[in-house]
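# Topology and contacts: notes
Spelled out, the chains give:
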Amino acid sequence: MSARTPTRTPGTGGADARLPWWAVALPVAAFTALLLLVTGPGQAHASGGEPAVGRILERIQHTLSR
């Protein structure tokens, strides 16, 4: 007597491709918030002191020139 092999019907056992509403809404909300922060009105004011990046670059240049 031969053993019967189980047959699978197409479409069963696959991954469920449906997402809950919040799985789409949260990334959209985060993207929108970041986009608003980047494109918002330029209300930032420069500080009175020397920029930190400039000081770091000067120290690197001074260290390399020795």
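Presented here is a report on the structure given in the accompanying data block.

### Considering the overall build of the chain
A count of helices and strands for the chain gives two helices and zero strands. Counting the 66 residues in the chain, one finds 0% classified as buried. Accessible surface computed for the chain: about 6900 Å², of which carbon and sulfur atoms make up 65%.

### Quick look at a nonpolar patch on the surface
The grouping of V53, I56, L57, I60 and L64 at the surface amounts to a nonpolar patch, some 540 Å² of accessible area in total. Inspection of the secondary structure puts V53 in helix 2 (residues 52-65). A relative accessible area of 58% places V53 in the exposed class.

### What to know about helix 2
Between the first and last C-alpha of helix 2 there are 20 Å, a value that for 14 residues agrees with the 20 Å anticipated at 1.5 Å per step. For helix 2, the tally of buried residues reaches only zero of 14 residues, placing the bulk of the element at the surface.

The rules we used
- Residues numbered from 1 in each chain as written.
- Predicted model: local features only at pLDDT ≥ 70, side-chain atom pairs only at ≥ 80, totals over all residues.
- Heavy atoms only, no water.
- Helix = DSSP H or I, 4+ residues; strand = E, 2+ residues; numbered from the N terminus.
- Buried < 20%, exposed > 50% of the residue type's maximum accessible area, 1.4 Å probe, protein only.
- Areas by Shrake-Rupley, 256 points an atom, 1.4 Å probe, with all protein chains shown as cover.
- Patch = residues over 30% accessible without salt bridge, like charges linked within 9 Å, V, L, I, M, F, W, Y side chains within 5 Å.
- Salt bridge = Lys/Arg side-chain N within 4 Å of Asp/Glu carboxyl O.
- Expected span 1.5 Å × (residues − 1).

Scope: geometric values only; no functional claims are made or implied.
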